[in-house]
Amino acid sequence: MLHCICQALTDQSQVVRNAALFALGQFSEFLQPDISKYSDEIMPLLLNYLGTIDSSKGGHLTKAYYALENFVENLGKKIEPYLPTLMDRMLTALCSSNSNREKELAVSAIGAIASAAKEGLLPYFQAVIVQLKGYLVNTSEELRQVQIQSLETLGVLARTIGKDVFLPLAEECCQLGLNLIDHVDDPDLRRCTYSLFAALSVVMGPNMAPHLEKMTTVMLLSIKSTEGVTVRVHRLRRFGPVCPQGALICVLLVKSRFLEPDVLPLASPVPVPFLDVNATSC
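With respect to the confidence of the model for the chain
Here the chain shows a mean pLDDT of 82. Residues at 70 or above account for 79%. Put simply, helix α12 (residues 248-253) is where the chain has its lowest mean pLDDT, 41, and helix α6 (residues 100-117) is where it has its highest, 95. Note that pLDDT drops below 50 for residues 233-272; the model gives that stretch 45 contacts with residues more than four away or on any other chain.

Examining the nonpolar core
Counting 84 residues, the largest nonpolar core has Y65, F166 and L200 as the members making the most contacts within it. Tallying contributions element by element places α6 first for this core, with 10 residues. Ignoring anything within four residues of it in the chain, the contact list for F166 reads F125, I129, L154, L157, A158, I161, C173, L200 and V203.

Here we look at the packing of helix α3 (residues 39-50) against helix α5 (residues 83-96)
The contact between α3 and α5 brings their axes to 11 Å, and the two run at 25°. On the basis of their axis angle, the class for α3 and α5 is roughly parallel. In this structure, α3 meets α5 at a crossing whose hand is left-handed. Touching M43, L47, N48 and L50 of α3 are T85, L86, R89 and M90, all from α5. When the residues that make up the contact of α3 with α5 are grouped by side-chain class, the tally is 5 nonpolar, 2 polar and 1 charged.

As for α3
Helix length check: α3, at 12 residues, gives a terminal C-alpha distance of 16 Å against a target of 16 Å (1.5 Å per residue), a fit within 8%. The set of residues buried in α3 consists of S39, I42, M43, L46, L47, Y49 and L50. Each buried residue of α3 sits inside an arc of 160° when the element is viewed along its axis, so together they form one side. Exposed residues pointing more than 90 degrees away from the buried face of α3 are listed as D40 and N48.

Digging into α6
In this model, α6 (18 residues) spans 25 Å end to end at C-alpha, consistent with the 26 Å of a helix rising 1.5 Å per residue. Counting buried residues along α6, 16 of its 18 residues qualify, which places the element largely inside the surrounding structure.

What about the environment of K63?
Note on placement: K63 falls in helix α4 (residues 58-72). Here K63 falls in the partly exposed class, since its relative accessible area comes to 31%. As a C-alpha pair, K63 and F22 span 41 residues in sequence and 6.1 Å in three-dimensional space. K63 has contacts with N18 and L21, leaving out every residue within four places of it along the chain.

A few points about the packing of aromatic side chains
The final tally for this structure, using the stated rule, is 2 aromatic pairs. Plain terms: the ring middles of F22 and Y66 are 5.9 Å apart, the flat faces sit at 20° to each other, and that makes the pair stacked. Taken together, the residues F22 in helix α2 (residues 14-30) and Y66 in helix α4 connect sequence positions 44 residues apart. Since its relative accessible area comes to 24%, Y66 is described here as partly exposed.

Conventions we followed
- Residues numbered from 1 in each chain as written.
- Predicted model: local features only at pLDDT ≥ 70, side-chain atom pairs only at ≥ 80, totals over all residues.
- Heavy atoms only, no water.
- pLDDT = per-residue confidence, 0-100.
- Helix = DSSP H or I, 4+ residues; strand = E, 2+ residues; numbered from the N terminus.
- Contact = heavy atoms within 4.5 Å.
- Core = buried A, V, L, I, M, F, W, Y, C linked by side-chain atoms within 4.5 Å.
- Buried < 20%, exposed > 50% of the residue type's maximum accessible area, 1.4 Å probe, protein only.
- Axes fitted to C-alpha atoms, helices over the stretch in contact; angles between N-to-C directions.
- Parallel < 35°, antiparallel > 145°, perpendicular 65-115°, else oblique.
- Left-handed = near helix turned anticlockwise from the far one by under 90°.
- Nonpolar A, V, L, I, M, F, W, Y, C, P; charged D, E, K, R; others polar.
- Expected span 1.5 Å × (residues − 1).
- Arc of directions from axis to C-beta.
- Phe/Tyr/Trp six-rings, centres within 6.5 Å; stacked < 30°, edge-to-face > 60°.

Have a look at this one:
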């Protein structure tokens, strides 16, 4: 099957190539560690493919990066022969691309590469940090998704590059995160910032103490927040006249075995980012 997928990456039809990229991403996600044994066959194909993509074709670009990211994340030391080419591609995308979507995908891919390479990413670390810091201080709404992804990748770097390497940057990263939470109201941004704080806590240790009060305050507010959740109270025939105000568990957990069909509770869909940020706060 893997041989068929690799052949499909060179098919003339973009639909076929898209399907092959998605399948490869799925294989990489669910068939570890077995699929990593084929890195010598798959990595040259992916690298060559990335070099031929038109960045204006967002959906196709996303599938290519999806396959790449899932595959490289678990390579470990097998990624080393491909690091120079990989990082050259990623940094070129960050420096030269006119597509914010491509920048977002490249930043995400750098996080996956760092997870595999760990200290092997050191030769490229400063160049990556310069790019990420540029996005973190940018106030443009157009770059918001790149900014959010930069926070997540920065957290990955803090965990993987080595404590001694990241420590000189830790205080500045901490301040950047706190400043973003103060000025940007976005659940995805808060989630990634909290994840960054968790990574920084390992690097900074007791030096994080001056910031804990502010951090824990905003995290507790996120945990308590019902932002994005709308609960409609309905009559419960078996558990009293009404569902108590604020008892969200009634709406989320009570199924038809408890209620008659005509009084099933209704709730507006809860956007995933709001639930994610509450979970990350915990």
